[in-house]
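Structural overview for review
Now for the letters of each chain:
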Amino acid sequence: MWADTGCPSILDTNLVPGGACYSAGTGALELGPDLIYAPDGTSSATGRHTTFNKFVIAHEFGHNIQYTTWGNLSLPDYECAGANNTMCQRWTTDSHCRCDFVKTGNRYHCLQSRQLQPWAETEGFAHFFAANLMNLATNNSCTFIYYKDYLLPDGTPHKPPNAVPCFYNSGPPQMWMQNKCAAGVASMSADGVTAGGVEWAWLTFFWELHNRGGNAYSSNDLQHVCQWACNGNVTSLCASAKVFFDTVNGGNSTLKYAAGQLFGSAKSQYFIDTGKKHGINVLQ
Ligand SMILES: [Zn+2]
């Protein structure tokens, strides 16, 4: 783990630079020196260092665990990166599902932005890893502390740290994509992707899937579902794979199909039902 090094993959001098990241090539966790925010959202040389947040550190460890045990789920371009600071504006015109409002960190992706689904899945898993570490599985509540700006349901930005629910003991999940971002979506087909996703939905999906019910998925189960979707076995790592919960045409490389191949009907149905409940899959 490297502190105060800056995160090379998300350095962006036009936005708040630096931050924390996992560098797959070197296996390093890098906690950058630059992600410092003031309460008004401006970058500042003083104030609390965001990467001191234990959730951020645990999140980056989550990327490490996922990469080393599941494999590489990368896509050619990084999440919402784009020319001319069009961060997370590529795939929707709806401000609820972009990162324009983020002032306290990079805008490559954020908790509520519409993303290529494999990226939402990867970030959602890292959020889940942190939430799972910091919450008791048996509690009827789960709180995830998010280190960047967050949109309240009425669309008002809220400065971090943001306490966000990661389990819904009663009532439906937030279904952010379906409830807030249905309009103005753009095709991801140029990126070879037919389904989008939101990090927050994948966070709550993984948490409930792992911690609730008689058919809960262990860490190994989660890993194996992904490996099966990539390779048709549970021994090989994924290699730069685009993994989806489901696709427009379905198929045998989806997580949904893999769960059906690996587990009995009740457990595989639990995977499908929980995915749908949390709205993790948004087809185009
Ligand atoms: Zn991450």
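Residues numbered from 1 in each chain as written. Predicted model: local features only at pLDDT ≥ 70, side-chain atom pairs only at ≥ 80, totals over all residues.

Turning our attention to the overall build of the chain. A count of helical and extended segments in the chain gives seven helices and 10 strands. Sorting the 284 residues of the chain into buried and exposed places 48% on the buried side. Excluding contacts between residues fewer than 6 apart, the proportion of contacts in the chain whose partners are at least 24 apart in sequence is 67%. (Helix = DSSP H or I, 4+ residues; strand = E, 2+ residues; numbered from the N terminus. Buried ≥ 20, exposed ≤ 12 C-beta atoms within 10 Å, placed from the backbone. Contact = placed C-beta atoms within 7 Å.)

Spatially, the three strands line up as an open sheet ordered β4-β9-β10, and their pairing is antiparallel. Of all strands in the sheet, those with a lone pairing partner are β4 (115-116) and β10 (282-283), marking the two edges. Both strand β9 (residues 195-197) and β10 contribute to a ladder of two bridges, which runs antiparallel. Bridge assignment links G196 to a residue of β10, and that residue is V282. (Pairing = 2+ DSSP bridges.)

Here we take up the pairing of strand β3 (residues 28-31). Relative to β3, strand β2 (residues 20-23) runs antiparallel, the two sharing four bridges. Residue pairing for β3: A20 is matched across the bridge by L31. If you look at the hairpin formed by β2 and β3, you'll find four residues sitting between the two strands, and G27 has a positive phi there, around 75°.

Residue P161 is reached from P160 by a cis peptide bond, and omega for that bond is 0°. Tracing the chain through its elements places P161 in the loop between β7 (157-158) and β8 (162-165). Phi at M175 takes a positive value of approximately 45°, unusual for a residue other than glycine. Within the secondary structure, M175 sits in the loop between β8 and α3 (176-180). Phi angles above zero are rare outside glycine, and S240 is one such case at about 50°. Structurally, S240 is set in the loop between α5 (219-231) and α6 (255-262). Taking the C-beta count within 10 Å as the criterion, S240 has 11 such neighbours and is therefore assigned exposed.

Turning our eyes to something else, we now look at the packing of helix α4 (residues 199-211) against helix α7 (residues 265-278). At a closest axis distance of 9 Å, the pairing of α4 and α7 adopts a crossing angle of 145°. Relative to α7, the crossing made by α4 is right-handed. Between α4 and α7, the residues in contact are A201, T204, F205, E208 and L209 and F271, T274, G275 and H278, respectively. Residues belonging to the contact of α4 with α7 are distributed by class as follows: four nonpolar, four polar and one charged. (Axes fitted to C-alpha atoms, helices over the stretch in contact; angles between N-to-C directions. Left-handed = near helix turned anticlockwise from the far one by under 90°. Nonpolar A, V, L, I, M, F, W, Y, C, P; charged D, E, K, R; others polar.)

We now examine helix α2 (residues 117-134). With 18 residues, α2 extends 25 Å from end C-alpha to end C-alpha; this agrees with the ideal 26 Å at 1.5 Å per step. Burial analysis of α2 places 16 of its 18 residues in the buried class, which makes it a mostly covered element. (Expected span 1.5 Å × (residues − 1).)

The next thing to look at is α5. End to end, α5 covers 18 Å across 13 residues, agreeing with the expected 18 Å (1.5 Å per residue, within 8%). The set of residues buried in α5 consists of L222, H224, V225, C226, Q227, W228, A229 and C230. Phi turns positive one or two residues past the end of α5, at G232, with a value near 75°.

What follows is about the environment of S253. Considering the arrangement of structural elements, one finds S253 in the loop between α5 and α6. In this structure, the C-alpha to C-alpha distance between S253 and V243, residues 10 residues apart in sequence, is 7.3 Å.

Working note: a packed helix pair is described by the angle between its axes plus the distance between those axes. Packing of α6 against α7 leaves a shortest axis separation of 7 Å and a crossing angle of 165°. For the element pair α6 / α7, the angle class is roughly antiparallel. The chirality of how α6 crosses α7 is right-handed. On the side of α6, the interface is formed by K256, A259 and G260, while α7 contributes S268, F271 and I272. Broken down by class, the residue content of the contact of α6 with α7 amounts to three nonpolar, two polar and one charged. (Parallel < 35°, antiparallel > 145°, perpendicular 65-115°, else oblique.)

Before going further, it helps to examine the environment of L116. You can see L116 is positioned in strand β4. Linking L116 and A195, residues 79 residues apart in sequence, is a C-alpha distance of 6.8 Å.

This paragraph deals with the confidence of the model for the chain. Across the chain, pLDDT averages 83, with 81% of residues at or above 70. Per-residue pLDDT stays below 50 along residues 13-17; that stretch engages in 12 contacts with residues further than four places along the chain or on separate chains. (pLDDT = per-residue confidence, 0-100.)

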